Amino acid sequence: MTAFPKRVFSGVQPTGNLHLGNYLGAISRFVPLQDEMPSIYCVVDMHAITVWQDPAELTRATREVTAAYLAAGIDPKKAIIFNQSQVKEHAELAWIFNCVARMGWLNRMTQFKEKAGKNRENASVGLFAYPALMAADILAYRATHVPVGDDQKQHLELTRDIAQKFNNDFQDRIKELGLGVPNPEPSPETPDELFFPVTEPMIAGPATRIMSLRDGTKKMSKSDPSDLSRINLTDDAEAIARKFKKAKTDPEPLPGDTQGLEARPEADNLVGIYAALSGSTKSDVLNDFGGQQFSAFKPALSELAVEKLSPIAAEMRRLIDDPAHIDAVLKDGAERAAAIAEPVLHDVKRIAGFLECRRG
């Protein structure tokens, strides 16, 4: 092997109802990538249980995320679609990475602090350590690229740190076993052969982080108690129009350029949503709507959202009514994913010095 082959990995948690932020920040970006390089899209159900999940609801939500992948246009014949818990290599590699990662690295993870809040002592160990599992998700496939939102950049940096430390700690062993790939960016601090790639983040688009419709300073969330804070992917046209109509705004008209969106989080969020849905930029949107009141902009945004989301919602409902088909997609995907991850984990065990007298 002369270089790491390009491969995309990403995933969505099956918790709560999928919303516009999940679609624009993740799922819609997965679709074109499947034509650019081999792509693996996971339903990360093991991440979901870092906080309590009702078992029946977890099963339902796992199928819903899969339905959303398919309805959005991910082709299970091109890409691999599976749920994380079906491929045991994720959990096994995560334990090894728990022993590679440092406590100080995990202590810096801001998302744990946000989710655990003031009750950190009662948070699960999994919630604290799950960035190491996220690294295992990616590196079990030696993925070179990960499309992520702004809120996941820190976790991907940890993945890169874990990969680099593993490559450094075991550089002699990697070379001895002939498992190394030439380092594309050699330096005095890094070995000349790598086992894991230093994965690149793919952050693009005008709306990498969709904010709440009720508070432009908070991320759109499945857990927000107000359903008016988000556009669910299964919302009908009436619900979408009602939620955008009630979306929080300020009294000023839309500005003529993007500088005018500074210090106006709600305006910036709605303009970003329009740009992402229309495949344009915030500047393009403001060229069309600059100087207009939100009373004119919101109906146009609602109409665009209905146009883009209604076909996806309809297809999701059709797929959810056919769980056998969804399960067949997940089974096929898990088998294909395991075929990639199993030899990677086998080599990791050899590198670490684990004695394997029994395979399987």
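Refer to the structure printed above.
Since we're looking at a predicted model, the values are computed, not measured.

Examining the layout of surface pockets
Reported here for the second largest pocket is a volume of approximately 440 Å³. Taken together, 21 residues line the second largest pocket, and the ones lying closest to its centre are N183, P184, E185, L194 and V198. At the level of elements, α8 (153-169) and β5 (181-182) are the ones that each hand at least two residues to the lining of the second largest pocket. Broken down by element, the lining of the second largest pocket gets its largest block of residues, 4 residues, from α8.

Structural notes on the nonpolar core
In this structure, L20, Y69, F244, L270, I273 and F297 are the most contacted members of the largest nonpolar core, which totals 56 residues. Top contributing element to this core by residue count: helix α13 (residues 294-320), with 9 residues. Filtering out sequence-adjacent residues up to four positions away, F297 remains in contact with L254, L270, V271, Y274, V285 and F289. Within the second largest apolar cluster, 49 residues are counted, among which are V87, V100, F112 and M134.

Thoughts on the pairing of strand β3 (residues 80-83)
Burial along β3 is two-sided: I80 and F82 facing one way and I81 and N83 facing the other are all buried. Pairing of strand β2 (residues 39-43) with β3, which is carried by 4 bridges, proceeds in the parallel orientation. Across the sheet, residue V43 finds its bridge partner in β3, namely N83.

Here we look at helix α14 (residues 323-352)
Across its 30 residues, α14 extends 41 Å between first and last C-alpha, which sits within 8% of the 44 Å expected from 1.5 Å per residue. Of all the bends found along α14, the most pronounced is centred on A338 and spans about 30°. Just beyond α14, the residue with positive phi is G353, at close to 95°.

A closer look at the packing of aromatic side chains
Aromatic rings in a pair are described by how distant their centres are and how their planes are angled relative to each other. Tallied over the entire structure, the rule returns 13 aromatic pairs. Here F166 and F195 contribute two aromatic rings whose centre-to-centre distance is 6.2 Å and whose plane-to-plane angle is 50°, an arrangement assigned as tilted. One end of the pair, F166, is in helix α8; the other, F195, is in the loop between β6 (193-194) and β7 (200-202), and 29 residues separate them in sequence. Ring centres 5.0 Å apart and planes at 75° place the aromatic pair F289 and F297 in the edge-to-face group. On the basis of relative accessibility, which here comes to 11%, the residue F289 falls in the buried class. Residue classification places F297 among the buried residues on the basis of a relative accessible area of 0%. Of note, R142 hangs over the ring of F195, and the distance from its end group to the ring centre comes to 4.4 Å.

Notes on the pattern of salt bridges
Evaluated as defined, the whole model comprises 22 salt bridges. D192 is the salt-bridge partner of K175, the closest N and O atoms lying 3.2 Å from each other. Of the two residues, K175 sits in helix α9 (residues 171-176) while D192 sits in the loop between β5 and β6, which places them 17 residues apart along the sequence. You can call K175 partly exposed: its relative accessible area is 43%. Note that R230 and D227 form a salt bridge whose closest N and O atoms lie 3.6 Å from each other. Under the relative-accessibility criterion, D227 is labelled partly exposed at 34%. Each of the salt bridges in this network shares a partner with another, and the network as a whole consists of K88, E89, E92 and K349.

A few points about the packing of helix α3 (residues 55-72) against α13
The geometry of α3 relative to α13 is characterised by a closest axis approach of 8 Å and an angle of 130° between their N-to-C directions. Judged on the interaxial angle alone, α13 and α3 are oblique. Taken as a pair, α3 and α13 cross one another with a handedness that is right-handed. Note on element contacts: α13 touches α3 through I312, E315, M316, L319 and I320, opposite E64, A67, A68, L70, A71 and A72. Partitioned by chemical class, the residues of the contact of α3 with α13 number 9 nonpolar, no polar and 2 charged.

What counts as what
- Residues numbered from 1 in each chain as written.
- Predicted model: local features only at pLDDT ≥ 70, side-chain atom pairs only at ≥ 80, totals over all residues.
- Heavy atoms only, no water.
- 1 Å grid on protein atoms, 1.4 Å probe; cavity = no way out; pocket = protein on both sides within 12 Å on 5 of 7 lines; lining within 4 Å.
- Points joined across faces, edges and corners; volume = space filled by probe spheres on them.
- Helix = DSSP H or I, 4+ residues; strand = E, 2+ residues; numbered from the N terminus.
- Core = buried A, V, L, I, M, F, W, Y, C linked by side-chain atoms within 4.5 Å.
- Buried < 20%, exposed > 50% of the residue type's maximum accessible area, 1.4 Å probe, protein only.
- Contact = heavy atoms within 4.5 Å.
- Pairing = 2+ DSSP bridges.
- Expected span 1.5 Å × (residues − 1).
- Bend = angle between axes of the 7 residues up to and from the residue.
- Phe/Tyr/Trp six-rings, centres within 6.5 Å; stacked < 30°, edge-to-face > 60°.
- Lys NZ or Arg CZ within 6 Å of the ring centre and 35° of its normal.
- Salt bridge = Lys/Arg side-chain N within 4 Å of Asp/Glu carboxyl O.
- Axes fitted to C-alpha atoms, helices over the stretch in contact; angles between N-to-C directions.
- Parallel < 35°, antiparallel > 145°, perpendicular 65-115°, else oblique.
- Left-handed = near helix turned anticlockwise from the far one by under 90°.
- Nonpolar A, V, L, I, M, F, W, Y, C, P; charged D, E, K, R; others polar.

Note that every value here comes from positions in space, so none of it alone points to a role or purpose.
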